[in-house]
Amino acid sequence: MLENVLLGLGDVFNFTSLLFMFLGVTCGIIVGAIPGLSGPIAIALCIPLTYYMTPVAAIGFLVGINKGGTFGGSIASILLNTPGAPESAATCYDGYPLALQGKGEKALKCSLFSSFFGDTISAFSLIILSIPLATIALKLAPADLCAIMVFSLVLVSGLDSSSIGKSLIAGAVGMLLSCVGLDCFGDDRLNFGSLTLSAGIPLMSVAIGTLALSEIVFQMQPQFLTQKSGAEASCGADKDACRLTFSEMRRVLPTAMRSSLIGVVIGVLPGLGSTMAAFMAYGTAKKTSKNPEEFGKGSLEGVSAPEAANNAIIGANLVPLLTLGIPGNVSAAIIMGALILHGITPGPLMFEEHPRVIYGIYCAVLMAGCMNLLCGWSGLRAFIHVLGCPRTLLYPVVMFTCMVGAYLADNSVYCTFVMLILAVLGFFMRKFGYSFVTFLIGFVLGPGFEMSLQQSLTISGDSLEVFYTRPIPIILFILSLFMIYRIYKQWKKDTGKQEEKAESLDLS
């Protein structure tokens, strides 16, 4: 065993492997910061470059792209309120308000620190808990996954407790759109006779349209053009506003720890994804915070939570891949393809047949996180100055990259057309106060929820007994009802305060 560990370390700690890892992280950060282009797209495009690498160098290169792309997505989220990827949308909630206060660099440092923390936690979970966690995940029944998704949707809906009705409507519309195309049994629905719609609505088109392009269109209104963007406000900030103090880091540490654990647990469960982890971590951070009223106004905890969670997903997704041969998301599926290209089949036998590669991958995941911290920290000021250029120049470039990103998602003009339609929908949702975040989460969870529900009912013979005879669904459904009660109570409290304030203004 010791010999394999030393050989694995030697495969990582050589100039070629470290160089490829550094290039992967740099490429990932640049691609992730461009709205519409994400880590999985960059990984897919770079697969041919790994043909002549060693297996460990290839995986380190691809994992570096994934880690860099995840952090890169937070750059545009914080400085422009335009998420580079769906999992970065939750970072907009508090990252952009901080940037408008001239604290964009502080928010980026908090994001980077949390990303590194999440990376490290997930890497150690991969090393220590890979086989036990994968075994537990394999034993989860469809009813358990269904209950997890219901709880997640309720938790995310509570983020917009000021208008619970609009939040639930937005989530329902998102789930309705996810039903377009083929259902679990291969039957067409809601495609209006169109063969193109039978494939469903692409997630990247929904994410880019509702999150990125609609925000650019919204910011192009005359009343906003005269205001500074987050990047412009951060360019002229003083040193005190840019500094992330030790006390601030210590304050967000419990949030980063909790969110990393959430990311690890969700990452081990195939199919749930980093978007769900980010919003679930944000919702949990808000509910458990001593100062929940600061969330949405520029809370460092609100930046730390989603970034720690979506980075913790990266290492955790390799757990079911390496131990069971089951990829947890798109990135893991592409990495699985790269391993197969090198003659290595992921699964339980990999630990016996290729132990040297296993230990090399463990080390590469840890080193890629360190590379991400190094590259991100050294380029913080450059990111701010590049995105702080005049919006008359920046917005057309971002709009162009949105269209290119939507096209590249499936190499189809159809994806670009859908993105434009959903950008209009996203604009009016912002205009009238509907939660586009709940809409997106409803769209993301829709297919998985339907699949788990159909499987549960098929196994139980169309009986609901399966949902109240297993402990996990019972616990999660009770927690969901408790959350709904808390959300309703908070909504009534806020409504009462608004009515009292309006009455006092009328009297004066």
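The text that follows walks through the structure, step by step, so that each part is easy to find. Quick caveat: nothing in here was measured; it's all calculated off a predicted structure.

Procedures and definitions
Here the residue index of a chain counts from 1 through its sequence in written order. Given that this is a predicted model, residues contribute local features only at a pLDDT of at least 70 and side-chain atom pairs are listed and counted only at 80 or more, while totals for whole chains, interfaces and linings are drawn from all residues. Excluded from the side-chain calculation are hydrogens and water; included are all heavy atoms of the structure. Salt bridges are identified by distance alone: a Lys or Arg side-chain nitrogen within 4 Å of an Asp or Glu carboxyl oxygen. Counting from the N terminus, the helices are DSSP H or I runs at least four residues long and the strands are E runs at least two residues long. Residue burial is assigned from relative accessible area. The probe radius is 1.4 Å, only protein chains are included, and a residue is buried under 20% of its type maximum, exposed over 50%, and partly exposed in between. Between the first and last residue of a helix there are one fewer steps than residues, each counted as 1.5 Å, and that sum is the expected span. Within 3.5 Å is the distance limit for a polar contact, defined as a pair of N or O atoms, with the added protein rule that one can donate a hydrogen and the other accept it, and that residues adjacent in sequence qualify only through two side-chain atoms. Axis definition: a line fitted to C-alpha atoms, limited for helices to the stretch in contact. Angles are taken between N-to-C directions and run from 0 to 180 degrees. Every angle not falling under 35 degrees, over 145, or within 65 to 115 is termed oblique; those three ranges are roughly parallel, roughly antiparallel and roughly perpendicular. Crossings are classed by handedness, with left-handed meaning an anticlockwise turn of the near helix from the far one by less than a right angle and right-handed meaning a clockwise turn. We call two residues in contact when some of their heavy atoms are within 4.5 Å. Note that Gly is not counted as nonpolar here; it falls among the polar residues with everything else outside the nonpolar set of Ala, Val, Leu, Ile, Met, Phe, Trp, Tyr, Cys and Pro and the charged set of Asp, Glu, Lys and Arg. Like-charged residues are merged into a patch within 9 Å and nonpolar side chains (Val, Leu, Ile, Met, Phe, Trp, Tyr) within 5 Å, provided each residue has over 30% relative accessible area and no salt bridge. Under the convention used here, a 1.4 Å probe and the Shrake-Rupley method define accessible areas, while residue burial counts only the protein chains that appear. Here the positive residues are Lys and Arg and the negative ones are Asp and Glu; neither His nor the chain ends is included. Throughout, a charge is located at the NZ atom of Lys, the CZ atom of Arg, the CG atom of Asp or the CD atom of Glu.

1. So, the pattern of salt bridges
Inspection of every chain in the model, using the stated rule, returns four salt bridges. Lys-106 is the salt-bridge partner of Glu-248, the closest N and O atoms lying 3.0 Å from each other. A residue pair is termed long-range when its members are at least 10 positions apart, and Glu-248 in helix H13 (residues 246-268) and Lys-106 in helix H6 (residues 104-139) qualify at 142 residues. Here Glu-248 matches Lys-106 in class, with each residue buried. Between Arg-470 and Asp-144 there is a salt bridge, and its shortest N-O distance comes to 2.9 Å. Within this pair, whereas Arg-470 is found in the loop between helix H24 (465-468) and helix H25 (471-507), its partner Asp-144 is found in helix H7 (residues 142-157), the two being separated by 326 residues in sequence.

2. Focus: helix H15 (residues 300-316)
Spanning 17 residues, H15 covers 24 Å between terminal C-alpha atoms, matching the ideal 24 Å at 1.5 Å per step. For H15, the side-chain oxygen to backbone nitrogen distance between the N-cap and Glu-301 is 3.2 Å, and the N-cap itself is Ser-299.

3. Digging into the packing of helix H2 (residues 15-32) against helix H19 (residues 355-378)
Between H2 and H19, the least distance of the axes is 9 Å, while the angle of their chain directions is 55°. When the interaxial angle is binned, H2 and H19 end up oblique. Considering the relative orientation of H2 and H19, their crossing is right-handed. Side by side, H2 and H19 meet where Leu-18, Met-21, Phe-22, Val-25, Thr-26 and Ile-29 of the first sit next to Ala-364, Met-367, Ala-368, Met-371, Asn-372, Cys-375 and Gly-376 of the second. Taken together, the residues of the contact of H2 with H19 sort by class into 10 nonpolar, three polar and no charged.

4. Let's talk about helix H22 (residues 413-432)
Helix length check: H22, at 20 residues, gives a terminal C-alpha distance of 29 Å against a target of 28 Å (1.5 Å per residue), a fit within 8%. When H22 is considered as a whole, its buried residues turn out to be Tyr-414, Cys-415, Thr-416, Val-418, Met-419, Leu-422, Ala-423, Gly-426, Phe-427, Met-429 and Arg-430. With its phi angle positive at about 80°, Gly-433 sits one or two positions after the end of H22.

5. Description of a positive patch on the surface
A cluster of basic side chains, namely Lys-287, Arg-486, Lys-489 and Lys-493, defines a positive patch on the protein surface. Per-element accounting of the positive patch gives the leading share, three residues, to H25. Looking at where Lys-489 falls in the secondary structure, it is placed in helix H25.

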